Amino acid sequence: MADGFNQARAMRVAEIINDYRTLLLHISQQQVEVSQEEYWEDGFVVLRESLASAQTLMSANYQPCPVTGQGNAETEKAELQRVILDSSARRFQAHKIYLRAAAARRWAMTRAGVLRGSPPTAQHSAALKSATAALHQDLARFTDQHVVADLRAADLRAGHWLDDDPSLEVIHRWVADVPPPRFPGQPRIFGSFSVDHCTSPVEITIRDCRLSDIPRLGKPLTKDTSNQEIFELQNIQDLLNHESSKRVLMTSQW
């Protein structure tokens, strides 16, 4: 039933979407240059994951659905509530991505300040370990509850109307019901797939794909301490063909 708050709902949509766009802009500004030698250092991995997650989020379009109501005001209310939910879920995800990306960039700046353009040596070890420990402490702090509380506090400070803002539980359900799009040629990077070939390790990037692709390329043996699954290569030519055709592998942790 219409309640006279549709104008407030429309304003709330504008506020949330403005926050969302601002977050995406800030995420895009977190990029840093990285050398091949540092490519798999913790902070740079987090930063690449964050940028890829933001790209995925931007590419997931809102899907309106027809709503049956008792009149235009009721239909408008239902659609505005749905947009508030969708935009709140996007803002929630973007804020979490931004917090992680900003922490990774701080780590990168700290690392650069320690190294000052020189390669890492034993002299730098303690400072680099301290920076990485601080990064992981920050990442552990950015729970879903923390993200929601952070956004809520900012909304309250701004004096926004929050009556229709969804709870974390509702956001979780909405996100679970909206599968992320896939991007051929632009997959999300998770780690590396290492095999022994001619006694030399061959490192292949693990990327997002269908589980059905995995058995043909390698069989799972065990999991290492970081919960990454170890694969035994089935056929080196299959792997080479797989890479050349730009199809991709998937880590078992997801």
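Heads up: the structure comes first, above all this text.
Quick look at the structure, then.

Description of helix 4 (residues 125–141)
Look at helix 4: 24 Å from first C-alpha to last across 17 residues, which is about the 24 Å you get at 1.5 Å a residue. Along helix 4, the residues classified as buried are Leu 128, Ala 131, Leu 135, Asp 138 and Leu 139. Seen from one end, helix 4 has its buried residues packed into an arc of 100 degrees, which puts them on one side. Turned more than 90 degrees away from the buried face of helix 4 sit Ala 126, Lys 129, Gln 137 and Ala 140, all of them exposed. Against helix 2 (42–59) and helix 3 (72–115) lie the buried residues of helix 4.

Considerations on helix 6 (residues 168–177)
Of the positions making up helix 6, those classed as buried are Leu 168, Ile 171 and Trp 174. Down the axis, helix 6 shows its buried residues gathered within 120 degrees of arc, on one side only. Exposed residues lying more than 90 degrees from the buried face of helix 6 are Glu 169, Ala 176 and Asp 177. The elements touched by buried residues of helix 6 are helix 3 and helix 5 (144–158).

Focus: the packing of aromatic side chains
Scanning the entire structure with this criterion turns up three aromatic pairs. Each ring, one from Tyr 39 and one from Trp 40, has its centre 5.0 Å from the other, and the planes form 90 degrees; the classification is edge-to-face. Each ring, one from Phe 44 and one from Trp 107, has its centre 4.9 Å from the other, and the planes form 80 degrees; the classification is edge-to-face. Of this pair, Phe 44 sits in helix 2 while Trp 107 sits in helix 3, and the two are 63 residues apart along the sequence.

Some remarks on the nonpolar core
Core analysis: the largest hydrophobic core is formed by 21 residues, its most contacted members being Phe 92, Trp 107, Leu 135, Leu 139, Phe 142 and Val 147. Elements supplying a minimum of two residues to this core: helix 2, helix 3, helix 4, helix 5 and helix 6. The element that contributes the greatest number of residues to this core is helix 3, accounting for nine residues. The contact partners of Leu 139, leaving out residues within four places of it in the chain, are Val 46 and Arg 100. Core analysis: the second largest hydrophobic core is formed by eight residues, Leu 24, Ile 27, Ala 54 and Ile 97 among them.

Calculation rules
- Residues numbered from 1 in each chain as written.
- Predicted model: local features only at pLDDT ≥ 70, side-chain atom pairs only at ≥ 80, totals over all residues.
- Heavy atoms only, no water.
- Helix = DSSP H or I, 4+ residues; strand = E, 2+ residues; numbered from the N terminus.
- Expected span 1.5 Å × (residues − 1).
- Buried < 20%, exposed > 50% of the residue type's maximum accessible area, 1.4 Å probe, protein only.
- Arc of directions from axis to C-beta.
- Contact = heavy atoms within 4.5 Å.
- Phe/Tyr/Trp six-rings, centres within 6.5 Å; stacked < 30°, edge-to-face > 60°.
- Core = buried A, V, L, I, M, F, W, Y, C linked by side-chain atoms within 4.5 Å.

By themselves, these observations are geometric and do not establish any function.
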